[in-house]
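# A structural walkthrough
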Amino acid sequence: MKLTKQDKMLTLDSILLKPGFKGTPNDVYFERIMNSLEGRNNVSGAELMVICEESLAPENPGINVSAGHHGGAILPYFEFFTKSRLFEGYSHVPHEQIAGHMAEGVAYLGRVGVAKATSGPGATNLVTPIFDAYMDSKAVVFITGNVSQKVRGSMAFQEAAITQMVTPHSKKSYYVEDARSIPKIFYEAFYVAPSGRPGPVLIDVPKDVQLAQIKPSEIDRDCSVPDFLDSNKYNAEEALELFERLAEMINNSKRPLLYAGAGAREAWQELRRFAYGTGIPVTTSLKGKGVFPETHPLSLGMLGMHGTAYANKCTELTDLLIAVGARFDDRVTGDHIEFSRQAQIADINVDPRGIGPNGIRQPDLTIKIDAKKSMRILNSLGIKTGNLAEWHSEIEELKDKLPLEYDGRSGLFKPKTLTSRIADSLKTLPPMSRLVGNEHIKPQYVIEKIFQLSKGDYIVVADVGQHQMWAAQYYLAKSPYQYDTSGGSGTMGYSMPAAFGINNILKYLGQDKKIAVIVGDESFMMLLQTLDLYARTKADIKVF
């Protein structure tokens, strides 16, 4: 039975009005704080910081596996933190940058990561992870100490204006001037980081604020969430008009193509349902690997400079490109004016930026609603495509003509079917023993072999460099949380700390997943100190 407009409106209302925030409700949070302070006449800012974390932790498991390195300006906080139940899962690291990337690893799995450092060089060592988290849309809360306010701006020992430094590359940076506002700021930080387009938030707390004593009754409970977090700017009628325009574009298309990015990870089930139901082929960004299974015949693999040739060719042939949670990064588009010039482009993104510098080229249709809600709406509309058999056939021919290759050997993407793609391609790999001696072992072969021996079930964390792209090309991701790397900022040294963060949150959640790091020699040297953590904890992480 065909849906009426009223039916569609009711469906859209139910989807659009569903809250996206999964954190601690405001009233529950403050009730927990006040219960912790029951019977108390006063509390220090430092202890209050810990109580805030404990009150947020039940809905934010990443708080239980935080990482950091202490120092003078944050010692008052650590005095209480070491007595907290949260300290059990804490990792003391030999370099603050390691803590930041560990928190990013936690954020990769959809939890808010937490990293901590002291003032001055401790805080500035977090700048790279903050920038990295901003570029790759990872929800991380960074907590730093700072010098007392009375010496602020005097070039005091280990004073750094960290809030001003990171403002351009963070969703929000807080400088806490009054201990009474600590609960409010902590709540907002853990709300802002994962909401809308995820990203980093900094909380910088001067030492005098940590030492200040306040009465529980003085706590500021007036939390306000910035308007930019409201990703739903449409009512049901406006949204229906946009999605019906998109449905018409899909119905009229003979060569539709889905382009999925990291923003589609939480919508992976809905996106797969849509692709399977319509038969629309899927390509992904580097950070979107696994949103759609790369072992499926509809997968074109990765797009862009280091993607498959046939995925890039399809952007020249498609008549409708539907981007879901993806940026039109220069590594994807090349010439932003010529990219898919012949096609209509629809952009589904909670934070649309357009195409090219400052959005110089705008898509034909922009829908500013998060990917999960958008794909649910598309699936509810029962969208049908025309006969795509010719388009599918054309794509299979491209896969035959333009496979990934090294030294004449075709890679995993050439075969047309799931069976041949995995079984036939990998069983032809010669054993390692035949490649020793005078012959060189190709990195691509090694990664194919890792994929074979792991049965494609490992979480792979790649560092930055050529090995990063070989790993992306030859280790096929079957799930949306199976390939992590530093994408937007290209931070060498990212992989080993991030893998350790992933390992920590998985252990806390009771999940048994194998993790492999693929790292180049220079990236390995960047944060070599991470091996200290691996040795101390006997972490079950494979490093290649």
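Residues numbered from 1 in each chain as written. Predicted model: local features only at pLDDT ≥ 70, side-chain atom pairs only at ≥ 80, totals over all residues. Heavy atoms only, no water.

### Some remarks on the overall build of the chain
- Check the secondary structure of the chain and you find 22 helices and 20 strands.
- Counting across all 544 residues of the chain, residues that qualify as buried make up 57%.
- Sequence-distant contacts, at least 24 apart, represent 74% of the contacts inside the chain between residues at least 6 apart.
- When the accessible area of the chain is evaluated, it comes to approximately 22700 Å², of which 51% is carbon and sulfur surface. (Helix = DSSP H or I, 4+ residues; strand = E, 2+ residues; numbered from the N terminus. Buried < 20%, exposed > 50% of the residue type's maximum accessible area, 1.4 Å probe, protein only. Contact = heavy atoms within 4.5 Å. Areas by Shrake-Rupley, 256 points an atom, 1.4 Å probe, with all protein chains shown as cover.)

### Quick look at the nonpolar core
- Among the nonpolar cores identified, the biggest contains 44 residues, and Ile-33, Leu-48, Ile-182, Phe-186 and Ile-203 are the most heavily contacted of them.
- Among the secondary structure elements, those contributing two or more residues to this core are helix H2 (26-36), helix H3 (45-56), helix H4 (75-81), strand S5 (140-146), helix H9 (182-192) and strand S7 (200-206).
- It is H9 that contributes the most residues to this core, eight residues altogether.
- Of all hydrophobic cores here, the second largest spans 40 residues; its members include Ile-98, Ala-115, Ala-498 and Val-517. (Core = buried A, V, L, I, M, F, W, Y, C linked by side-chain atoms within 4.5 Å.)

### So, the sheet that holds strand S10 (residues 282-284)
- Reading across from one edge, S11-S10-S9-S12-S13-S14 is the order of the six strands in this open sheet, with parallel pairing throughout. In this open sheet, the two strands that pair with only one neighbour each are strand S11 (299-302) and strand S14 (365-367). When the angles between neighbouring strand axes are averaged without regard to direction, this sheet yields 15 degrees.
- Here strand S9 (residues 256-260) runs beside strand S12 (residues 320-324); their pairing, made up of five bridges, is parallel. Within S12, the residue paired with Leu-257 across the bridge is Leu-321.
- On top of the sheet, helix H11 (residues 236-252) reaches S12, strand S13 (344-348) and S14; it is set at about 135 degrees to S14, its chief contact. (Pairing = 2+ DSSP bridges. Axes fitted to C-alpha atoms, helices over the stretch in contact; angles between N-to-C directions.)

### As for the sheet that holds strand S17 (residues 459-462)
- Here four strands make up an open sheet; going across it, the order is S18-S17-S19-S20 and the pairing parallel. A strand with exactly one partner marks an edge of an open sheet, and here the two such strands are strand S18 (483-484) and strand S20 (541-543).
- Across two bridges, S17 lies against S18 in parallel orientation. Residue pairing across strands places Val-460 opposite Tyr-483, the latter belonging to S18.

### Some points on helix H22 (residues 530-537)
- Looking only at H22, the buried set comprises Thr-530, Leu-533 and Tyr-534. Down the axis of H22, the buried side of the element spans an arc of 100 degrees, and every buried residue falls inside it.
- For H22, the elements touching its buried residues are strand S3 (91-92), helix H5 (96-108), helix H20 (495-508), strand S19 (515-518) and S20.
- Immediately beyond the C-terminal end of H22, within one or two residues, lies Lys-538, with a positive phi of roughly 55 degrees. (Arc of directions from axis to C-beta.)

### A short note on the packing of H2 against H3
- Where H2 contacts H3, the axes come no closer than 9 Å and their chain directions differ by 130 degrees. One finds that H2 runs oblique with respect to H3. Of the two possible hands of crossing, H2 and H3 adopt the one that is right-handed. Across from Tyr-29, Arg-32, Ile-33 and Ser-36 in H2, the residues of H3 making contact are Leu-48, Ile-51, Cys-52, Ser-55 and Leu-56.
- Counted by class, the contact of H2 with H3 contains six nonpolar, two polar and one charged residues. (Parallel < 35°, antiparallel > 145°, perpendicular 65-115°, else oblique. Left-handed = near helix turned anticlockwise from the far one by under 90°. Nonpolar A, V, L, I, M, F, W, Y, C, P; charged D, E, K, R; others polar.)

### Comments concerning H5
- An ideal rise of 1.5 Å per residue puts 18 Å on 13 residues; H5 measures up with 19 Å between its terminal C-alpha atoms.
- By the criterion of burial, H5 is predominantly enclosed, with 13 of the 13 residues buried.
- Downstream of H5 by a residue or two, Gly-110 has a phi angle that is positive, lying close to 85 degrees. (Expected span 1.5 Å × (residues − 1).)

### Considerations on a nonpolar patch on the surface
- Taken together, the side chains of Met-525, Leu-528 and Leu-531 make up a nonpolar region of the molecular surface, amounting to roughly 240 Å² of accessible area.
- Mapping Leu-531 onto the fold places it in helix H22.
- Using a relative accessible area of 33% as the deciding quantity, one classes Leu-531 as partly exposed. (Patch = residues over 30% accessible without salt bridge, like charges linked within 9 Å, V, L, I, M, F, W, Y side chains within 5 Å. Salt bridge = Lys/Arg side-chain N within 4 Å of Asp/Glu carboxyl O.)

### A few points about the pairing of S19
- Burial of S19 is two-sided: the residues Ile-515 and Val-517 facing one way and the residues Ala-516 and Ile-518 facing the other way are all buried.
- Pairing of S17 with S19, which is carried by four bridges, proceeds in the parallel orientation. If you follow Ala-462 over to S19, its bridge partner there is Ile-518.
- Where S19 and S20 come together, three bridges link them in parallel fashion. Bridged to Ile-515 within S20 is Ile-541.

### Brief notes about the packing of H2 against H9
- Between H2 and H9, the least distance of the axes is 11 Å, while the angle of their chain directions is 140 degrees. As far as their axial angle goes, H9 and H2 are oblique. When the axes of H2 and H9 are compared, the crossing they make is right-handed. Seen from H2, the contacting residues are Asn-26, Tyr-29, Phe-30 and Ile-33; seen from H9, they are Pro-183, Lys-184, Phe-186 and Tyr-187.

### Structural notes on the pattern of salt bridges
- This structure, assessed with the given rule, holds 20 salt bridges.
- Across the pair Glu-270 and Lys-372 runs a salt bridge, and its minimum N-O distance is 3.0 Å. Of the two residues, Glu-270 sits in helix H12 (residues 268-278) while Lys-372 sits in helix H15 (residues 371-380), which places them 102 residues apart along the sequence.
- Through salt bridges with shared partners, one network takes in Asp-136, Lys-138, Lys-287 and Asp-484.

### Some points on the confidence of the model for the chain
- Per-residue confidence for the chain gives a mean pLDDT of 89, with 88% of residues at or over 70.
- This model gives residues 413-423 a pLDDT under 50, and the stretch forms 33 contacts once residues within four places in sequence are excluded.
- This stretch, residues 433-438, has a pLDDT under 50; its non-local contacts, to residues over four places away or in other chains, come to four contacts. (pLDDT = per-residue confidence, 0-100.)

### Some thoughts on the packing of aromatic side chains
- This structure, assessed with the given rule, holds 16 aromatic pairs.
- When the centroid spacing of 5.7 Å and the interplanar angle of 85 degrees are considered together, the rings of Phe-78 and Phe-81 count as edge-to-face. Taken together, the residues Phe-78 and Phe-81, both in helix H4 and three residues apart, mark about one turn of the helix. Of the two residues examined, Phe-78 and Phe-81, each falls in the buried class.
- Ring plane angle 65 degrees and centroid distance 6.3 Å describe the contact between Phe-328 and Phe-339, whose orientation is recorded as edge-to-face. Linking Phe-328 in the loop between S12 and helix H14 (330-333) with Phe-339 in the loop between H14 and S13, this pair joins segments that are 11 residues apart in sequence. (Phe/Tyr/Trp six-rings, centres within 6.5 Å; stacked < 30°, edge-to-face > 60°.)

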